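# What the coordinates show
As a plain string of letters, each chain reads:
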Amino acid sequence: MLALTYQGSKDVRVETVPDPVLMADDDIILRVTATAICGSDLHIYRGKIPMMKDGDILGHEFMGVVEDVGVGVTRVQRGDRVVIPFVIACGACFYCNKSLFAGCENTNPGRGAILNKKSATAGAGLFGYSHLYGGYPGGQAEFVRVPKANVGPIKIPDVLSDEQVLFLSDILPTGYQAAVNAQLGPGSSVAILGAGPVGLMAAASAKFLGAEKIFMIDHHAYRLAFARDTYGVIPINFDEDDDPADTILKATGGHGVDATIDAVGFEAKGSALESALTAVKLEGSSGQALRQCIAATRRGGVVSVPGVYAGFIHGFLFGDAFEKGLIFKMGQTHAQLYMPELLEHIGNGMLKPEVIITHRMPLSDARKGYEIFEKKEQDCRKVVLTP
Ligand SMILES: NC(=O)c1ccc[n+]([C@@H]2O[C@H](COP(=O)([O-])OP(=O)(O)OC[C@H]3O[C@@H](n4cnc5c(N)ncnc54)[C@H](O)[C@@H]3O)[C@@H](O)[C@H]2O)c1
Ligand SMILES: [Zn+2]
Ligand SMILES: [Zn+2]
């Protein structure tokens, strides 16, 4: 089969690789009909995620048709159309029983990404996301093996198209979890940093939950303009305004917003010092987006972080967060928890995640897709690949 493989920093290639086979009783083999490139894939693409091996198949946002089932699979049948969550969860462990699926203790034979780990268990395995997360082959491929098929896959009614439901695999639940974690409700104010796919899904979710005022910060004018036109956000371009947090404070009577959502993560732009320190590995992450979040949130408010972080940040103003009495919520998305309700809201027309798609290409052009998405060329917001 054809699959998009990692071959080193900025080098991904579509290659012919062996077809996947069933390995456990509760596995299925999925024939992929649509798959997307995620901002998380860009961290891998830029060589920033450790424990990638040459030839690893990428991709954790995918859906398709069940081609083959293990003898223990009861939830789906051959021929069913399903979306697969990017988190692989057993459904039965200590954390799965708390619906904290991204903490599943039974699916990651790797070590996970906690630095000061001691004897803690690793978090869940993830598709196509390095050997830290189990080394599972991803779904930017013609076929993929899906473990724990009695827990993850969700069946899709025929009336809904692939594009309407594909983002249930990751970015829609991620944006939604970010908005729920931010404790948004009718009348809330929120600032979302990052107008990429995750930030846009957070904006859609914030609106859906009734937020009244949504600021959005990025430096890609075309992404901000789309968010303004689609979700009614107040855009702030940090190339033109070098202190968005202060602008937000001034626009909210000096208080700040009820919540901020960091949909940027550890590669945030804006601090030359941190970029230099990170390059020589004296710094783990850029703290730029988090500092803006802490500064822009009102006392007692929430900083919600869907953006991915790894390791340490020196310039993290924990004392400011303490003084303001802030609440922090973050982490990988417990996708399985939110997929059923979000599918319902796609079905009833309340959520239309597919509107962010700008690029549709065959899987064979995936290398080009990565280039365009990474460089933000052609006003790219989201790339969907079809095998
Ligand atoms: N928690 C999860 O489970 C989960 C799931 C999916 C993605 N993610 C993470 O979410 C983040 C965003 O993903 P995406 O697909 O939207 O990626 P993306 O790269 O397309 O978007 C990131 C956006 O942030 C902007 N940005 C950079 N520095 C900024 C700054 N200092 N202030 C404001 N904006 C800034 C960029 O210009 C870009 O538009 C990534 O870190 C990704 O790994 C997390
Ligand atoms: Zn993703
Ligand atoms: Zn589990």
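Residues numbered from 1 in each chain as written. Chains lettered and ligands numbered in written order. Predicted model: local features only at pLDDT ≥ 70, side-chain atom pairs only at ≥ 80, totals over all residues.

On to the domain arrangement of the protein. When the domains of the protein are assigned, the result is domain 1 (2-170 + 334-386) and domain 2 (171-330). If you average the C-alpha positions of domain 1 and of domain 2, the two centres end up 25 Å apart. Listed per partner, the contact involves 24 residues of domain 1 and 22 residues of domain 2. Contributions of two or more residues to the side of domain 1 that touches domain 2 are made by helix H1 (39-45) and helix H10 (335-347). If you tally residues by element for the side of domain 1 that touches domain 2, the top one is H10, at 4 residues. Here the side of domain 1 that touches domain 2 is composed, by residue class, of 14 nonpolar, 4 polar and 6 charged. (Domains from an automatic or database assignment. Contact = placed C-beta atoms within 7 Å. Helix = DSSP H or I, 4+ residues; strand = E, 2+ residues; numbered from the N terminus. Nonpolar A, V, L, I, M, F, W, Y, C, P; charged D, E, K, R; others polar.)

Lining the immediate environment of ligand 1, one finds 34 residues, of which Gly-39, Ser-40, Gly-194, Gly-196 and Gly-265 sit closest. For the shell around ligand 1, the secondary structure elements donating two or more residues are H1, helix H3 (171-181), helix H4 (197-208), strand S11 (213-218) and helix H8 (288-296). Element by element, the count of residues in the shell around ligand 1 is highest for H1, at 4 residues. Considering only residue class, the shell around ligand 1 consists of 15 nonpolar, 15 polar and 4 charged. Both domains that furnish three or more residues to the shell around ligand 1 are identified here as domain 1 (2-170 + 334-386) and domain 2 (171-330). (Near = placed C-beta within 6 Å.)

Here we take up the sheet that holds strand S10 (residues 189-193). Overall, parallel pairing links the 6 strands, which are arranged S12-S11-S10-S13-S14-S15 in an open sheet. Looking along the sheet, the strands with just one partner apiece sit at the ends: strand S12 (234-237) and strand S15 (327-330). Across the sheet, the mean angle from the axis of one strand to that of its neighbour is 20°, orientation sign disregarded. In this structure, strand S13 (residues 257-262) lies alongside strand S14 (residues 297-305), joined through 4 bridges in parallel fashion. Considered in S14, the bridge of Thr-260 is made with Val-303. (Pairing = 2+ DSSP bridges. Axes fitted to C-alpha atoms, helices over the stretch in contact; angles between N-to-C directions.)

Turning our eyes to something else, we now look at H3. Most of H3 sits inside the fold, with 10 of its 11 residues counted as buried. Residues of H3 that are buried: Ile-171, Leu-172, Pro-173, Thr-174, Gly-175, Tyr-176, Gln-177, Ala-178, Ala-179 and Asn-181. At its buried positions, H3 is contacted by H4, S13, S14, S15 and H10. (Buried ≥ 20, exposed ≤ 12 C-beta atoms within 10 Å, placed from the backbone.)

Alternating positions in strand S8 (residues 143-146) separate into two faces, Phe-143 and Arg-145 on one and Val-144 and Val-146 on the other, with burial throughout. Where strand S3 (residues 28-36) and S8 come together, 4 bridges link them in antiparallel fashion. Bridge assignment links Ile-28 to a residue of S8, and that residue is Val-146.

One recurring pattern in soluble globular proteins: nonpolar side chains tend to sit buried together. The biggest cluster of nonpolar side chains holds 120 residues, and the ones touching the most others in it are Val-190, Ile-192, Ala-202, Ala-203, Ile-214 and Met-216. With near-sequence residues (within four places) excluded, Met-216 lies in contact with Ile-192, Ala-195, Gly-199, Ala-203, Leu-224, Ala-227, Val-233, Pro-235 and Ile-236. (Core = buried A, V, L, I, M, F, W, Y, C linked by C-beta atoms within 7 Å.)

For the rest of this paragraph, the subject is the environment of Leu-363. Topologically, Leu-363 is positioned in the loop between strand S16 (359-362) and helix H11 (366-375). For Leu-363, a count of 21 C-beta atoms within 10 Å corresponds to the buried category. With 327 residues separating them in the primary sequence, Leu-363 and Ala-36 have C-alpha atoms 9.7 Å apart.

This next bit is on the packing of H3 against H4. Packing of H3 against H4 brings their axes to within 7 Å, and their N-to-C directions diverge by 55°. With respect to H4, the axis of H3 lies oblique. H4 is crossed by H3, and the crossing has right-handed handedness. Between H3, through Ile-171, Leu-172, Thr-174, Gly-175, Tyr-176, Ala-178 and Ala-179, and H4, the contact on the second element is made entirely by Pro-197, Val-198, Met-201, Ala-202, Ala-204, Ser-205 and Ala-206. The residue inventory of the contact of H3 with H4, partitioned by class, reads 11 nonpolar, 3 polar and no charged. (Parallel < 35°, antiparallel > 145°, perpendicular 65-115°, else oblique. Left-handed = near helix turned anticlockwise from the far one by under 90°.)

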